[in-house]
Amino acid sequence: MIRIGHDDDGCPADRVLPPPTERIPILRWLKLNLFNSWPSAMLTLAATALIVSVVYGLGRWAITAAEWEVIPANLKLLLVGTYPLEQLWRVWSIVCFLSLLSGIAAGRRRGIFLRISLVLFAATAVLAALPFAVVTRGWLLGCSGAALAGYGLGSLTTRIGNQRWIRRIEILAWVLSFPLSLIVLNGIGGVLPVVEGRNQWGFMLNLLGAIVGIGLSLPLGIMLALGRRSRLPAIRIVCTVYVELIRGVPLISLLFMASVMLQLLLPDSFRPDLVIRAMLTITLFSAAYMAENVRGGLQAISRGQYEAAYALGLNRMLTTLLIILPQALRAVIPAIVGQFIALFKDTTLFGFIAILELLNISRSVLGNLQWRGRIFELYMFIGVVFWVLCYSMSYISRWVEKSLGVGER
Amino acid sequence: MRSKTAAHTTAFWRDIRVLRVTGQILFLIAIAGGVWWLIHNLQTNLSDSGLDIGFRFLGDTAGFPISEGISYDPTYTNGYAYWVGIVNTLRVAVIGIVLATILGTVIGVARLSGNWLIRKLAAIYVETVRNIPLLVQLFFWYFAVMLTALPMVGQSIRLPGSIFLSRRGLYMPWPTLTESSDTWALFLIGAGVLAVVVYIVRRFQLRRADRPGFPIAWALSTFLAIGIVGWFATPGTPLALDVPVFQRFNFEGGLWLSTAFLALVIGLATYTGAFIAEIVRGGIQAVSKGQTEAARALGLKNSLVLRLVVLPQALRVIIPPVTSQYLNLLKNSSLAILIGYYDLLNVGTTIFNQTGRAVEMILLIMASYLSMSLLTSLVMNWYNRRMKLVER
C-alpha cells in the first residue's frame, strides 16, 4: 500500500490510498490467466470442452426432453404438502407479515436487511407476474407490497418517535413472530381450527425444522460449551460426555431412536407428536456440534479479556455475557452458520421416520403414475431450492462477518 | 486468597466452596433422577408388554436375506447378520474416504490454480455440492442415475477391461485363488517378514549415519521383488482372473458391486470431497507466502514447491478438520438405509423389525458407531502427532 507520510509518525488510517489498479488488455489477461504455460493451456482447452458439453447436454435436455409440467402441477403439494387449501391464507399471511418485518428492518437499518428485503421484494414481484392462480398472485403481490410498505414505515420511524421504544417494539415483534407463526399454522382451540396431518406439510416442515432447530440449538450449544469449560467437574463431565456421545453417532440413528424407543422411555400419558420428536432430535443433535464451534471461539479469547473484565468489577456471569461471548461468537460466525446450513440440509432426513417433508413428498409425487419418470426434473427442483437458501445463508454470514470486522480488529 | 478470619465470618450457606459442592451435587442428583425416571419408565413399559432386556436373540436364526457383502445366508444368526452389516459399512467408509481424499486434494489445489477457468470450475463444484443436502444427492445418484439413466443388464455399458455397468450394478474382473495360491502365500509371508527386517536395519543404519532417506522404499521393493519371484517360482498361476461373462439373464463370475453401493460411494465421496477441498485450500493458504517464494528462489519447480514445501506444512493445518470430515463420512454412510444398501443401520433395523428388540438394537448400533468413530479419531490423532513431530 502507498501511504502518505511515514508509518512511524502516526499517519491517520483514512489517508491510506488504495493500491493502484493495473489495466490489463483482454488478450494479455487471457494469456496470463488461461494460457500461461503448455499444461495450463491444455487444461483450459479440456475444461472448455467439458463446460461446453455439459452446458449443451443439460440445456438440450432442459428444453427438449424435460417435462417441467410436473413442478407447477405439484407445487402446492411440494411446498406445503397436505395443508388444506382453504386454510392456506394462514401461510400466506405469515409470509406477508415476515415481509413487512424485514421491510421495516430494511428501512431502519439498510445494509444487509435492505438487500434481503430487495431480494424478497423482487422475488415475490417476479413470481406474481408468472401465470399462477389468481389468489396466489394476489398474495404474492401482497407480500411484495408488505415489504415495500414496511420499508416506507421503517424509513419514517428513523425520523420520528421515541427511537428506544420503536427498537424494543421491533425486536419484540421479531421474537413474537416465531411462536405466533407456529400457533397460526397449527391452529389453536376455539379461535382457529387445528390443522391435522402435521407430518405432511412438505417443504414447510424443512423450513420449520430448520428455524426451530436453529433457534433452540444455538442457546443450548452455548450453554453446553460454557458447561464444558466450567470449573465445576460435575458439570464439565456431564457436558463433555453429552457432546462426545452425540457427535459419535449419526443423526439418522438418533431419529430411529426417537421413533421407536421414545415411547418406551416415556410414560403412557406423554407421547409427543412425530414432528415434535423430529425437531427435538435435530435440536439436541445440532446443539452438540454447535457447542464445539462455540468452544472453539471461547478458546480463542485471550486471558487478558477475562482479567480486564474482573478488574472493572464485573462478576463471572456478566463477564461471560458481556465480554467473552460476544467476542467468541463473532470469531466463529462462519462455523456457526455452517452448522445452521448443515441443520437445514439435515431436515431432509425427517423422511426416514415417515414425515412427508420436501424430499419424501417428491417420492410420493413420483409414485403417481402421471408423473412417473419425471425424477430428474423433481430432484433438480429440490436441489435448486436447497441450493438457493443454503447459498444465501453463507452469503449473509460472509456479509455479517465483514460488517463486524472479524479479523480486522 | 481468603484469610482465616474471613472464613470464620462467612456463614456456610454463603461460602463459595460449600455452594459449589452443593450445586454440583444437586446437578448430579437432577441428572441421575432424570435418568432413573427414564429407566423406570422403560422397565414399566417393557414389563407391561411382557418383554425383557437381553442379547440372546443375537444367537437366533436371522431368516432374512442380505444381498451383498461377505458370505451369508438367511440360516445364519442375527449376530452374524449384524457383522455383515458392519463389514459393509466399513467397506463403504474406507473406499469413500480414500476417494474423497483424492478428490478433495485435487479440487482444493485446483481452487488455487493459476488458471482462471480451472479455479472457477473447482469453485462451482464446491459451492454446488456443499449447498445441496447429501440425501438429495444420494437419491439423485441412486434413483435418477443408477436406476433410470443406466441401461438394462442386457445392454450393459462396456467399459475397457471387461467392466460392465447396468441397472443391475457393476461387474468387473476380480482375481480368485487357485490351488497354488497357498504356495505363493508362503512366499508373501516370507517377503513381509523380510521387508520388516530390511526396514528396521535400514532405519537403524540411516539413523546412525544421521542421514535422511526412505527406509520404507527399501522395504517395499524387497517385498515386491520377492513377491514377483514367488509368482514365477510357484507351479501354475497363483491367482486367476475371474472375468464376468453375460449368460442368459445376468452376468456370471467376476466381482459384483450393487447400484446402491455405487451410488453411496459416489455420493459420499463427491460430497465429502467438496468439504475436504475447502479444508485443503485453507491449509495451503495458511502456509505463508514467504515459504513459496523462498522455495522458488531456491530454484524449485512449481510441482516440487507444492510437494516438498507447501503440502508438508499445510498438512498440519489440514489433518484435524479432515479427521472430522472422515468421521462425518462414516456417520453419513448410515444414509445407506434409505437407498437399500445393507449397512449396519439397515441390518440393525431389519433385526429390530424381526425381533422387536428396540432397546438392545439401538444400544448395539450406537456402540458400533461410537467405537468406529473412536477408532478413526485414534488413528488420525496418531497420524497428527507424527506429522507434528516433523516440526523443528
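Residues numbered from 1 in each chain as written. Chains lettered and ligands numbered in written order. Predicted model: local features only at pLDDT ≥ 70, side-chain atom pairs only at ≥ 80, totals over all residues.

Draft legend 1. Representation of the overall build of chain B. A count of helices and strands for chain B gives twelve helices and eight strands. The C-alpha radius of gyration of chain B comes to 28 Å, more than 25% above the 21 Å expected for a compact globule of 392 residues. Taken along the three principal axes of its C-alpha coordinates, chain B extends 90 × 70 × 50 Å. Buried residues in chain B amount to 31% of all 392 residues. (Helix = DSSP H or I, 4+ residues; strand = E, 2+ residues; numbered from the N terminus. Rg over C-alpha atoms; globule rule 2.2 N^0.38 Å. Buried ≥ 20, exposed ≤ 12 C-beta atoms within 10 Å, placed from the backbone.)

Draft legend 2. Quick peek at the confidence of the model for chain A. When pLDDT is averaged along chain A, the result is 87; 95% of the residues meet or exceed 70. In the predicted structure, residues 1-10 of chain A sits below a pLDDT of 50 and forms nine contacts with residues beyond four places in sequence or in another chain. (pLDDT = per-residue confidence, 0-100. Contact = placed C-beta atoms within 7 Å.)

Draft legend 3. Structural context of the packing of helix 3 (residues 78-110) of chain B against helix 11 (residues 344-355) of chain B. Residues and elements named next belong to chain B. Running from N to C, helix 3 and helix 11 cross one another at 160°; their axes reach a closest spacing of 7 Å. The angle between helix 3 and helix 11 falls in the class roughly antiparallel. Of the residues in helix 11, those in contact with N78, A81, Y82, V84, G85, I86 and T89 of helix 3 are L344, N346, V347, G348 and I351. Class assignment of the residues belonging to the contact of helix 3 with helix 11 gives a composition of seven nonpolar, five polar and no charged. (Axes fitted to C-alpha atoms, helices over the stretch in contact; angles between N-to-C directions. Parallel < 35°, antiparallel > 145°, perpendicular 65-115°, else oblique. Nonpolar A, V, L, I, M, F, W, Y, C, P; charged D, E, K, R; others polar.)

Draft legend 4. Representation of the environment of V175 of chain A in the model. Locating V175 of chain A in the fold gives a position in helix 7 (residues 163-186). Sequence separation between V175 of chain A and T158 of chain A is 17 residues; the distance between their C-alpha atoms is 21 Å.

Draft legend 5. Representation of the sheet that holds strand 8 (residues 255-257) of chain B in the model. Residue and element names in this part refer to chain B. Taken in spatial order, the four strands line up as 1-2-3-8 in an open sheet, and their pairing is antiparallel. Whereas interior strands pair on both sides, the edge strands pair on one side only; in this sheet they are strand 1 (157-159) and strand 8. The mean angle between the axes of side-by-side strands here comes to 20°, regardless of whether they run parallel or antiparallel. In terms of strand pairing, strand 1 meets strand 2 (residues 163-166) through three bridges, oriented antiparallel. Bridging across to strand 2, L159 finds its partner in I163. (Pairing = 2+ DSSP bridges.)

Draft legend 6. Looking closely at the domain arrangement of chain A. Assigned domains within chain A: domain 1 (13-65), domain 2 (83-196) and domain 3 (201-409). Between the C-alpha centres of domain 1 of chain A and domain 2 of chain A there is a distance of 41 Å. (Domains from an automatic or database assignment.)

Draft legend 7. Focus on the interface of chain A and chain B. Taken residue by residue, the interface counts 40 residues in chain A and 47 residues in chain B. Put simply, the parts of the chain that give the side of chain A that touches chain B at least two residues each are helix 2 (38-65), helix 9 (233-248), helix 10 (251-260), helix 11 (262-265) and helix 17 (375-403) of chain A. Among the residues making up the side of chain A that touches chain B, the classes are represented as 29 nonpolar, ten polar and one charged.

Draft legend 8. Spatial organisation of the domain arrangement of chain B. By the assigned domains, chain B splits into domain 1 (4-47), domain 2 (78-173 + 243-389) and domain 3 (181-233). Computed from C-alpha atoms alone, the centre-to-centre distance between domain 1 of chain B and domain 3 of chain B is 61 Å.

Draft legend 9. View of unusual backbone geometry. Residues and elements named next belong to chain A. If you check the backbone angles, A354 has positive phi at about 60° while not being a glycine. Here A354 is to be found in the loop between helix 15 (333-346) and helix 16 (358-367). With 12 C-beta atoms counted inside 10 Å, the residue A354 sits in the exposed group.

Draft legend 10. Here's a closer look at the nonpolar core. By size, the foremost hydrophobic cluster in this structure holds 132 residues, and its most contacted members are L138 and L264 of chain B. With residues up to four places along the chain from it excluded, the contact list for L138 of chain B reads A263, L264, G267, L335 and I339 of chain B. (Core = buried A, V, L, I, M, F, W, Y, C linked by C-beta atoms within 7 Å.)

Draft legend 11. Quick look at the environment of V275 of chain A. Residues and elements named next belong to chain A. Examined against the element boundaries, V275 turns out to sit in helix 12 (residues 274-299). In this structure, the C-alpha to C-alpha distance between V275 and L205, residues 70 residues apart in sequence, is 8.4 Å. Setting aside chain neighbours within four positions, we find V275 in contact with R198, N199, L205 and I355.

Draft legend 12. Spotlight on the pairing of strand 3 (residues 169-172) of chain B. Residues and elements named next belong to chain B. Pairing analysis gives three bridges linking strand 2 to strand 3, with the strands arranged antiparallel. Pairing of F164 across the sheet is with Y171, part of strand 3. Between strand 2 and strand 3, which pair antiparallel in sequence order, lie two residues. Pairing analysis gives three bridges linking strand 3 to strand 8, with the strands arranged antiparallel. Across the sheet, Y171 pairs through a bridge with W256, a residue of strand 8.

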